[in-house]
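The primary structure of each chain is shown beneath.
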Amino acid sequence: MSGEVVLSLRDFRVTFPTLFGDVQAVRGVDLDVRAGEILGVVGESGSGKSVTFLGLMGLLPKSARIEGSATVRGTELVGASSKIMREVRGKRVAMIFQDPLSALNPTHRIGNQIVEMIRAHHKVSTKAAMSRAIELLGQVGIPQPTDRARQYPHEFSGGMRQRVMIAMAIANEPEVLIADEPTTALDVTVQAQILEILQRIQSESQAAVVLITHDLGVVARVADRVQGMYAGRVVERGNVDALYAHPTHPYTQGLLQSLPTVGRDRLQPIPGSPPNMMDPPSGCAFRVRCPHAVERCAEEMPVLRPIGDQEAACWRADELRGVSLR
Amino acid sequence: MLRFVLRRLLWALPMLLIVTFLVYVALRVGTDPLASYLRVNQRASAKKIQQYIETNGLYEGFGGYVRGYFQWLKGFVTFDWPRSIKGSREVWPEFRDAMMNTLRLGLVSTVLGIIIGLALGVYVALKPGGLRDSSVNTAAFVAISTPPYVSALILQLVFAVYWNRWFGSSLLPTSGVYPPGQRGFDLVLMIKHMILPVTVVVIQIVAVYTRYMRASLLEVLNSEYMRTARSKGITERRVLVRHALRNALIPIVTVAAIDIGAILGGLIITERIFSYPGLGDFFLGAYDNGDFPQMMPWMFFFTLVVIVFNLIADVSYAVLDPRIRLGR
Amino acid sequence: MDADRNDPSVDTTDASVGLASQSLSPTRMAIRRFVKHRAALVSLIVLGLMVLFVVLAPLTARYGVNEAVFKTSPENPNQFLSPRSIAWLGTDDIGRDLYSRLIYGLRISIFIGLASAIFGTILGVTIGAIAGLRGGWLDDVLMRVTDLFLAFPFLVTLLVLRSVMSSVSWLEPIVGKPTSIRFVIVLFVLFGWMGVARLMRSQVLALKEREFVEAARALGAGPVRIVLRHLLPNSAGPILVALTFSVSSSIIGEATLGFFGYGPQPGAGSTSLGKLVGGAKGALLPGYWWLVVFPCVLLVLVTLFVNFIGDGLRDATDPKLDGAR
């Protein structure tokens, strides 16, 4: 984690106005991603992990209200003109989506979809773009890329489709690559292959990669750093090895405990369910499910602060850091 | 692909024969051509009746129907059509003129209706949920719930009858292709006579296609590949045209081809009210007289049209949607 | 804080008050969605009032169906009176009150609409379920034939069916005379089952492979039981929607036949919307606007209300739409 900061969020917020009130999906996220690192973002569904990154890309419904700051090497994205956003999307920040079948246009040939991505940002002929697209398909391990480029998404298997998505995402050598649950829809064996490709691509290009997932195993395998999100806020962040060894925030502890491990008979799920984001609990949103909650948790919202090598947003982080999991 | 089209074509011919045979039997039973003939020619001798049965293939029993059908079919394809019962007139010239009139009315209103309907559907789908959406949607619902004769009656009442009362002359003619006594071609008069019938048919088509297009486009706009398209950094215009509109139109093409029956149905009713001498008027006239020799070519022609359009629907869908194209 | 918050078995609902709507039963959720469709709700209420009005016809109508507003005398004729206090919506060619006749006419039309829709739906569901379960050539033939029938102009199909039904003499005791109401209902049932059959077939095909049906089959349930206990309840939504639209198309169908003079002639003592709308033709040129406007408007309104209800039901029974709105 030596590279310079590429993507930087400050007090980033996303709110969805609805008939019944505002849903506060993301409530003040600070975050830096550096060139050459893979940041894992974990959390339950509804924790705001995907919404944060869709929001900074401007890919949420028009009604979504986005506040705070999100910069890519100094370029502010919040409130940016559509011209700037167009230059950022696909060129400087690229995305990989969860379900590659529905994320690829079913009526366009694979090759053309990649060509479109290239030609949106580079003034090259269709022919040149196509040969680049075929080269990219080869790079992500698709056999016979020349023939495959002429096929349609439904002729590809799930893993192959996700490779296509990756090829498309790296077509313009983006500075930031956001992978939103890239392996969730895939078989376990295929998952491993896709992660391997992601890792290889990343080490070759030195892009900053954000890997959004609810699968802690995936993060452990490829990420350098990991951050846990809960109820639209970052609750803990640190190096993968350190954080997995000494989770500090009760939520992260709970997540790790709910992970099946050899030698533990019983999984311990976190009791309760994520809060209603229309009216989140006061103070720390996790307190209603937290076994260690005290009065202060309801009164003040904890902020992310350094605890040893990591950061955690918990009033009792110092005491809880030592709690052994096993 | 070619095999798929060929297979559909091979299906179409037996379908045409089976359906027209069923129609033949239905009309033989339903209109009883011999009885109609006897009603018109009450003093026909037994020999003449027998001759009429022979030339028209009006045999009884299932075997008789089959024999009669093929006899009729042979005459039909060789343009040796039996004469109408009422007035013993040649059927083909009248049928041809009616077909031309219907084609003109149908083409103009279908093209206008589909263009307006699709445009309106896109206009609404791009901003769903607002006042614009709900008012267009309600208007479409009212139009769908209004049978063509009702809108025709109201239009006639306003533009012909009451316009005449208020301003001394009616604004638009309400019947026929030309005023009585007109000879030869006159474009202005023809257009004037077509305005009201075209309006009636267009209202129906616009209502249906606005809703189709709105639903289809909304579904596409909510799909995930639209998000991918936006994430590529291409212009919003290109996102809409290349990704959204293109995909939204695919199911509509199919519906358009199948809908031909509904459009023709609306035409029949509209023609009747405006005394427009088209195929609808032709059919209803023949139906009232129980005129089998006039009805059978009509039914054959319509079955052919319906089958051909079904075929076009299947094939166009296969051509446009790659998932179907290679899936079969 | 909460004493039992450590208990993993704690019910998820108390932690998520805002998500409580998800725990409603499907029927309650459907009702909630229907109520949110404002046009459908208004239509249901107004149509309900109309039906009440029509059922109570002897009370709500001002005159009998064939009663003239007053005895004619040369100095004050009662024909073609424009709307006035003794005849709110005017009178027709023989001095009968249009308002009262509309009530009696709507009564017959709604009856025809409901009866044909219900019987047509039952027939369609039966045929569709058989086609879907049996499959094979029966299914092929059925779907090809209905394809064509549905693609044909409906007036032509109705007229041909009508002439066949009225020429087969042994059918007459069953279906009645071509001008009877029973005949028209049978005609609409024979015509109207096709759309429902296609729908039911596709539902059966989709549900047939689902686990709960497989499970029932594995437990030895017969096809009839599977259809009645598993397939029908699970496709009730779309069928109900189809039934509603079938009511409006039957009402329109009756009016269309009536308009062109092929409709039912419901004896002395009653009339139908089709007859009344048909009567508008003759009133057009002389400019008796009330005889044109009122029957037409009533027909359109009733159809519109039924269609809105159908649309509301579609929204209510299609959970897919939940996220989209």
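For the structure itself, look to the data block above.
Residues numbered from 1 in each chain as written. Chains lettered and ligands numbered in written order. Predicted model: local features only at pLDDT ≥ 70, side-chain atom pairs only at ≥ 80, totals over all residues.

1. Quick word on the sheet that holds strand S5 (residues 75–76) of chain A
The strands making up a sheet associate through backbone hydrogen bonding, with each pair oriented either parallel or antiparallel. All names here are of chain A. This is how the line gets drawn: Two strands pair if DSSP finds at least two bridges between them. In this text, helices come from DSSP runs of H or I with a minimum length of four residues, and strands from runs of E with a minimum of two, each type numbered from the N-terminal end. Whether two residues are in contact depends on their C-beta atoms, placed from the backbone: they are in contact if these lie within 7 Å. For helices, the fitted line uses only the C-alpha atoms of the stretch in contact; every axis is such a line through C-alpha atoms, and the angle between N-to-C directions lies from 0 to 180 degrees.
One open sheet holds the 4 strands; their spatial order is S2-S1-S4-S5, and the pairing between them is antiparallel. The open sheet has two edge strands with one neighbour each: strand S2 (21–34) and S5. Bridge count between strand S4 (residues 65–72) and S5: 2 bridges; the pairing is antiparallel. Considered in S5, the bridge of valine 72 is made with threonine 75. Sheet strands in contact with helix H1 (residues 49–56) are strand S1 (5–18), S2 and S4, and its direction is about 105 degrees off that of S1.

2. Here's the deal with unusual backbone geometry
Glycine aside, residues mostly have negative phi, and peptide bonds are mostly found in the trans state. Its identity as a non-glycine residue notwithstanding, glutamate 181 of chain A has a phi of 50 degrees, on the positive side. Here glutamate 181 of chain A shows up in the loop between strand S7 (176–180) and helix H8 (188–205). The phi dihedral of phenylalanine 80 of chain C is positive, around 50 degrees, even though this residue is not glycine. Take phenylalanine 80 of chain C: it is sitting in the loop between helix H3 (57–60) and helix H4 (98–134).

3. Quick look at the nonpolar core
Selection criterion: The term nonpolar core refers to a group of buried residues, namely Ala, Val, Leu, Ile, Met, Phe, Trp, Tyr and Cys, whose C-beta atoms join them within 7 Å. Buried means a residue has 20 or more other C-beta atoms within 10 Å of its own C-beta, exposed means 12 or fewer, and partly exposed covers the counts in between; C-beta atoms are placed from the backbone.
By size, the foremost hydrophobic cluster in this structure holds 156 residues, and its most contacted members are Leu153, Phe283 and Met295 of chain B together with Leu187, Cys296 and Leu299 of chain C. By size, the runner-up hydrophobic cluster in this structure holds 100 residues, among which are Leu177, Leu304, Ala312 and Cys314 of chain A.

4. Observations regarding the pairing of S1 of chain A
Residue and element names in this part refer to chain A. Bridging between S1 and S2 involves 11 bridges; their strand directions are antiparallel. Each residue of the ladder has a partner; that of leucine 7, found in S2, is valine 33. Between S1 and S2, which pair antiparallel one after the other, the connecting turn spans 2 residues. In this structure, S1 lies alongside S4, joined through 7 bridges in antiparallel fashion. Counterpart to arginine 13 in the pairing with S4 is glutamate 67.

5. So, the environment of leucine 320 of chain B
Residue and element names in this part refer to chain B. Here leucine 320 is to be found in helix H13 (residues 292–320). A tally of 17 C-beta atoms within 10 Å means that leucine 320 is categorised as partly exposed. For the pair leucine 320 and tyrosine 276, spaced 44 residues apart in sequence, the C-alpha to C-alpha distance is 37 Å. Here leucine 320 is in contact with Ile250 and Val253, once residues within four sequence places are set aside.

6. A closer look at the packing of helix H11 (residues 260–273) of chain B against helix H6 (residues 154–167) of chain C
Each pair of packed helices can be described by the angle between their axes along with the distance between the axes. What counts is decided by this rule: Roughly parallel refers to an angle under 35 degrees, roughly antiparallel to one over 145, roughly perpendicular to one between 65 and 115, and oblique to any angle outside these ranges. Asp, Glu, Lys and Arg are counted as charged, while Ala, Val, Leu, Ile, Met, Phe, Trp, Tyr, Cys and Pro are counted as nonpolar; the rest, among them Gly, fall into the polar class.
Contact geometry for H11 of chain B and H6 of chain C: axes closest at 7 Å, N-to-C directions at 75 degrees. Considering their axes alone, H11 of chain B and H6 of chain C lie roughly perpendicular with respect to each other. Residue-level contacts link Gly265, Ile268 and Ile269 of chain B of H11 of chain B to Phe154, Leu155 and Val156 of chain C of H6 of chain C. In terms of residue class, the contact of H11 of chain B with H6 of chain C is built from 5 nonpolar, 1 polar and no charged.

7. Section: H6 of chain C
Residue and element names in this part refer to chain C. The following threshold applies: Multiplying 1.5 Å by the helix residue count minus one yields the expected span of that helix.
Compared with an ideal rise of 1.5 Å per residue, which puts 14 residues at 20 Å, H6 spans 20 Å between its outermost C-alpha atoms and is within 8% of the ideal. A large share of H6 lies buried, amounting to 10 of its 14 residues. Every buried residue of H6 is listed here: Phe154, Leu155, Val156, Thr157, Leu158, Leu159, Val160, Arg162, Ser163 and Met165.

8. Quick notes on the sheet that holds strand S3 (residues 38–42) of chain A
All names here are of chain A. Strand order across the open sheet formed by 8 strands is S6-S7-S8-S3-S9-S10-S12-S11, with mixed pairing between neighbours. The open sheet has two edge strands, strand S6 (93–96) and strand S11 (305–307), and neither has a second partner. Ignoring strand direction, the axes of neighbouring strands in this sheet form an average angle of 25 degrees. Inspection of the sheet shows S3 paired to strand S9 (residues 225–230) by 4 bridges, in the parallel sense. Bridge pairing in S9 links valine 41 to glutamine 227.

9. A word on the packing of helix H1 (residues 2–31) of chain B against helix H4 (residues 61–77) of chain B
Residues and elements named next belong to chain B. Stated precisely, the cut-off is as follows: By definition, any crossing whose near helix is turned counterclockwise from its far helix by less than a right angle is left-handed, and any crossing with a clockwise turn is right-handed.
At a closest axis distance of 10 Å, the pairing of H1 and H4 adopts a crossing angle of 110 degrees. If you check the angle between H1 and H4, you find them roughly perpendicular. When you trace H1 past H4, the crossing you get is right-handed. The segment H1 lies against H4, with Phe21, Tyr24, Val25 and Arg28 engaging Tyr65, Tyr69 and Trp72.

10. Brief notes about the environment of arginine 107 of chain C
All names here are of chain C. Here arginine 107 shows up in helix H4. Spatially, the C-alpha atom of arginine 107 lies 5.5 Å from that of valine 54, the residues being 53 residues apart in sequence. Beyond its immediate chain neighbours, meaning those up to four positions away, arginine 107 contacts Val54 and Ala57.

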